[in-house]
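Chain by chain, the residues run as shown.
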Amino acid sequence: MNRLKKTPFFLFLLPVFFSLHGALEIYGSIYFLELCILGLGICIGMALLYSAIYFFTKSPKIASLITFYISLLYIFFGALQDWIQGKAFLSVMHRYSVLLPVLGVSIVCLMYLLKKNTAIHKKLFLYLNVLLILYCLLDTVMLLNKSANTKEKAWANISFDLSKVKAKPNVYYLLFDEYPGYKTLKAEFGFANDSLYNFFKNKGFTILPSVSTYNFTLFSMSSIFNMQYIDSNYNHEHEMTDLGDFRKRFLEIKHGEVFSLYKSMGYQIENYSIFDVGDLACINTDKSFLPIHAKALKTKMLHHRLIKDVGWWFNGTMLQNIFTSKEAIYYADETNRDINNAINKSLAQKSNKPKFCYAHFVMPHAPYFRDSSGAFIRNEKGQIVTPTDTQYFLPYLKYTNAYISSLVNKIVQEDSSAIIVVMSDHGFRDYSNNKAFRLSAFDNICAVRFTNNNLPPYTDSLSSVNFFRYLFNSEYGQQIPYIKDSTIWVNY
């Protein structure tokens, strides 16, 4: 007990608790090594902060307590801000102009209190040590319990007859995020996308009359890979999505039924996407623009919140590359290039096992950072292009078309007997008023290079929730029943 009153174990336990609690909160979406690296980074930052405070106070106890308080505010700033914003009587305090000065004053007041009342030091040491020990133990028990009771399987249950599978061609499922259908491009942008559609026809593709089931990527991909609608208990029309919904969708995608069925046929799964698939991590885990892996925990920290919320103040200035969030701009482009390189590498490697390759490109989804020639662009003010700068969308879409053509040509050249799917998760939705263009949000593309010439009939509109049911029926001899086609709006 005496050690707990004198030794600041809480300085070490704080990053441990942050990592444990984060792992519990986003269970299944972060790896142990990522937690260790994140916790180590926090420890190093706290050590530097402690050294600076000790240099001025010359008191190890005061330095320990102030370091703990500042670190606590820093790494849990997002959680604090969200909690304040959720309380009507405190809502004004969530603004940075109010919250940051209040927290600064609280630090000064704490330093003054600790300097004047040294008798409280031991009590605070004991309290914080015991509290953090209990929290860490509790989270550890809850993590172990979750690990023991979490099902690896998603909620889909598809009857699949392996005896009817006669051929196992390689499959390249190429998803292009927010690529709109022909109707939307013609009606809303005055652009006839004939060059791409003619390219598909010349390469032996079939254009399926597809619409997306959902207007939001996480929901759309979950329904596609599980061939089912999202849990009906979720009220998509009237409730806003939150991080809890995101994490459920991440896990549903990770354990998607489609991947399980391909594995049962002896396929090797290759994941070059922005999501985890089974034990295969998403591409560029440290640079994802989605709240997944360590990114989900980092977004709680003060500097990440500042960059996200007020970084745009510096857009178009000399400081924009420091304070403007570059992740959505350059990391998305880097991810697209890495996916393309991974597919090329896969094509060069021959295997005795058939493969299902899932590639998820973040294009022509905003931000539109390239023109039709592939050069990086900024708007007329020199600012990074935002989703509402729709005049930059068509040039970026034309760049995407060239990207698709090049990639498909490469696959056809190297693996001519493969099934190739070029599809989008939803249609265009980055209008200033989404509700006015709801139909456009579901108008997607779906072009498939089948190996079977005797395709089963399809309806005038095949929603994406039924896509793999149709593919399994047409290519693998199955008779999986279709579910009712529908489009469901998600508030995000």
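An account of the accompanying structure is given in this report. (Residues numbered from 1 in each chain as written. Predicted model: local features only at pLDDT ≥ 70, side-chain atom pairs only at ≥ 80, totals over all residues. Heavy atoms only, no water.)

### Focus: the side chain of Arg429
Moving on, step 1. Tracing the sequence through the fold places Arg429 in the loop between strand E6 (419-423) and strand E7 (446-449).
Moving on, step 2. Side-chain polar atoms of Arg429 contact the backbone oxygen of Asn215, separated by 2.6 Å. (Helix = DSSP H or I, 4+ residues; strand = E, 2+ residues; numbered from the N terminus. Polar contact = N/O pair within 3.5 Å; in protein donor to acceptor, adjacent residues only side chain to side chain.)

### Concerning helix H3 (residues 32-57)
For an α-helix, 3.6 residues make a turn, and residues three or four places apart therefore share a direction.
Moving on, step 1. For H3, with 26 residues, the first-to-last C-alpha span of 37 Å sits near the 38 Å given by 1.5 Å per residue.
Moving on, step 2. For H3, the full list of buried residues reads Glu34, Leu35, Leu38, Gly39, Ile42, Met46 and Ile53.
Moving on, step 3. On its buried face, H3 sits against helix H2 (9-25), helix H4 (60-75) and helix H13 (294-298).
Moving on, step 4. Looking one or two residues beyond H3, the residue adopting positive phi is Lys58, at roughly 60°. (Expected span 1.5 Å × (residues − 1). Buried < 20%, exposed > 50% of the residue type's maximum accessible area, 1.4 Å probe, protein only. Contact = heavy atoms within 4.5 Å.)

### Observations concerning the packing of aromatic side chains
By convention here, two paired aromatic rings are described through the distance between centres and the angle between planes.
Moving on, step 1. Scanning the model with the defined rule gives 47 aromatic pairs in all.
Moving on, step 2. Residues Phe77 and Tyr96 carry aromatic rings whose centres are separated by 5.9 Å and whose planes lie at 20° to one another, so their mutual orientation is stacked. Taken together, the residues span a long stretch of sequence, with Phe77 in helix H5 (residues 77-85) and Tyr96 in helix H6 (residues 96-116) at a distance of 19 residues. Of the two residues, Phe77 and Tyr96, neither departs from the other in class, the shared state being buried.
Moving on, step 3. Ring centres of Phe160 and Phe472 lie 5.3 Å apart, and the angle between their planes is 85°; this geometry places the pair in the edge-to-face category. Of the two residues, Phe160 sits in the loop between helix H7 (120-149) and strand E1 (171-176) while Phe472 sits in helix H18 (residues 467-475), which places them 312 residues apart along the sequence.
Moving on, step 4. An aromatic cluster is defined as three or more aromatic residues linked by ring pairs; in this entry it consists of Phe160, Tyr173, Phe225, Phe259, Tyr262, Tyr267, Phe356, Tyr358, Phe467, Phe468, Phe472 and Tyr476.
Moving on, step 5. Just above the ring of Phe55 sits the side chain of Lys58; from NZ or CZ to the centre is 4.8 Å.
Moving on, step 6. Over the ring of Phe219 we find Arg249, and its NZ or CZ is 4.8 Å from the ring centre. (Phe/Tyr/Trp six-rings, centres within 6.5 Å; stacked < 30°, edge-to-face > 60°. Lys NZ or Arg CZ within 6 Å of the ring centre and 35° of its normal.)

### A few points about the sheet that holds E6
Moving on, step 1. The 6 strands lie next to each other as E2-E7-E6-E1-E5-E4, forming an open sheet whose pairing is mixed. The strands lining the two open edges of the sheet, one partner per strand, are strand E2 (206-207) and strand E4 (268-272).
Moving on, step 2. Sheet analysis places E6 next to E7, joined by 4 bridges and oriented antiparallel. Within the sheet, the bridge partner assigned to Val422 lies in E7 and is Ala447.
Moving on, step 3. Helix-sheet contacts for H18 involve E1, strand E5 (355-361), E6 and E7, and the interaxial angle to E6 is about 160°. (Pairing = 2+ DSSP bridges. Axes fitted to C-alpha atoms, helices over the stretch in contact; angles between N-to-C directions.)

### Regarding the nonpolar core
Moving on, step 1. Tyr173, Tyr262, Phe356, Phe468 and Phe472 are the most contacted members of the largest nonpolar core, which totals 95 residues.
Moving on, step 2. Of the residues forming this core, the biggest block, 11 residues, is contributed by helix H17 (residues 393-414).
Moving on, step 3. Each residue touching Phe468, except ones within four places of it in the same chain, is listed here: Tyr173, Ile224, Phe225, Met227, Val258, Tyr262 and Phe356.
Moving on, step 4. Formed by 34 residues, the second largest nonpolar core is a distinct cluster that contains Leu11, Leu13, Ala23 and Leu65. (Core = buried A, V, L, I, M, F, W, Y, C linked by side-chain atoms within 4.5 Å.)

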